[in-house]
Amino acid sequence: MLPNIIQILSAAAIAGLELDLKPFELGVTNKSPEYLDKFAMGKIPAFESNDGFSLIEGASIARYVASLAPESGLLGDSVKDAAQIDQWIHFVEHEINAYTDLISQLVKGFFPEKSYFSREKTYNEHVHKSLFERQERSLKFLEQSISTHEFLVTNKITLADVVVAAVIQRAAGITLGAAERAFYPNIFAHYAKVAADPRIKAIFGAAEFVEVPLAFAKVD
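Please read all numbers here as calculations on a predicted model, not as lab measurements. (Residues numbered from 1 in each chain as written. Predicted model: local features only at pLDDT ≥ 70, side-chain atom pairs only at ≥ 80, totals over all residues. Heavy atoms only, no water.)

### Some details on the overall build of the protein chain
Logical step 1: On a plain count of helices and strands, the protein chain comes out with 9 helices and 2 strands.
Logical step 2: Scanning the protein chain from its N terminus toward the C terminus, one meets helices and strands in the order α-α-β-β-α-α-α-α-α-α-α.
Logical step 3: At 18 Å, the protein chain has a C-alpha radius of gyration in line with the 17 Å of a compact globule built from 220 residues.
Logical step 4: In terms of principal-axis extent, the alpha carbons of the protein chain reach across some 55 × 50 × 30 Å.
Logical step 5: By residue count, 43% of the 220 residues in the protein chain fall in the buried class.
Logical step 6: A separation threshold of at least 6 residues defines the contact pool for the protein chain, and within that pool the share at least 24 residues apart is 65%. (Helix = DSSP H or I, 4+ residues; strand = E, 2+ residues; numbered from the N terminus. Rg over C-alpha atoms; globule rule 2.2 N^0.38 Å. Buried < 20%, exposed > 50% of the residue type's maximum accessible area, 1.4 Å probe, protein only. Contact = heavy atoms within 4.5 Å.)

Structure, rendered in structure tokens:
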């Protein structure tokens, strides 16, 4: 399950709220006239409340859901807490998950080396190395930041912890093999604690970590 879906479902579960999940088929539902009439970009996930209020983008939806149950502590206990929660969400989405996405596409051969519209699978080792190093730099920062804290912002799980854990779970299935994960004991201790929370354990599901990072394999 993608991080943006995990964070929404987890926010609802911790907040004690029930979401009405509609039947959905990627590439069909989100291209239908009915869907595009509400969400013109055709993006997923998307949210619509009973009063017609709508949102796109996983973090925005999760934050709104969390705000409906302030007693849950998902958004912290103060304005400063909320700012720090937003900080970590934006950081891991742009500085860790974005590189997971790019590397995932690169090793599948979807790198437009010759032409953006080229159908030929291409791969660039230099770009792969550069993307990995950028992600590595961000992971080192996160590892250091979390070294003295059980959770990222308060003394209990916030939306920041959920999003970070979801992003790390995905990275460990694509860019972080066993050798890479060994460099980040604090990150993975945090992940294990969040993902094991009884309220959201089923949402995170069984971790499918790779033994070695995914690599490009050209098929002739």
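### Brief notes about the UniProt feature "domain: GST N-terminal" (unreviewed entry) in the protein chain
Logical step 1: In the UniProt entry, the feature "domain: GST N-terminal" (unreviewed entry) is given for residues 1–73.
Logical step 2: For residues 1–73, the helix share is 40%, the strand share is 8%, and the end-to-end C-alpha distance is 24 Å. (UniProt positions renumbered as here; feature names shortened; annotations may be inferred.)

### Overview of the nonpolar core
Logical step 1: Val 92, Leu 142, Leu 152, Leu 159, Ile 168, Phe 188 and Phe 204 are the most contacted members of the largest nonpolar core, which totals 50 residues.
Logical step 2: Secondary-structure elements contributing two or more residues to this core are α1 (3–15), α3 (58–67), α4 (79–107), α5 (125–145), α6 (159–171), α8 (185–195) and α9 (201–204).
Logical step 3: Ranked by residues supplied to this core, first place goes to α6 with 10 residues.
Logical step 4: A domain-level breakdown of this core finds at least three residues from each of domain 1 (3–72) and domain 2 (79–204).
Logical step 5: Discounting chain neighbours no more than four positions away, the residues touching Leu 159 are Gln 7, Ala 11, Ala 62, Arg 63, Leu 74, Leu 75, Ile 85 and Ile 89.
Logical step 6: Membership of the second largest hydrophobic core comes to 5 residues, among which are Tyr 99, Ile 103, Val 107 and Leu 131. (Core = buried A, V, L, I, M, F, W, Y, C linked by side-chain atoms within 4.5 Å. Domains from an automatic or database assignment.)

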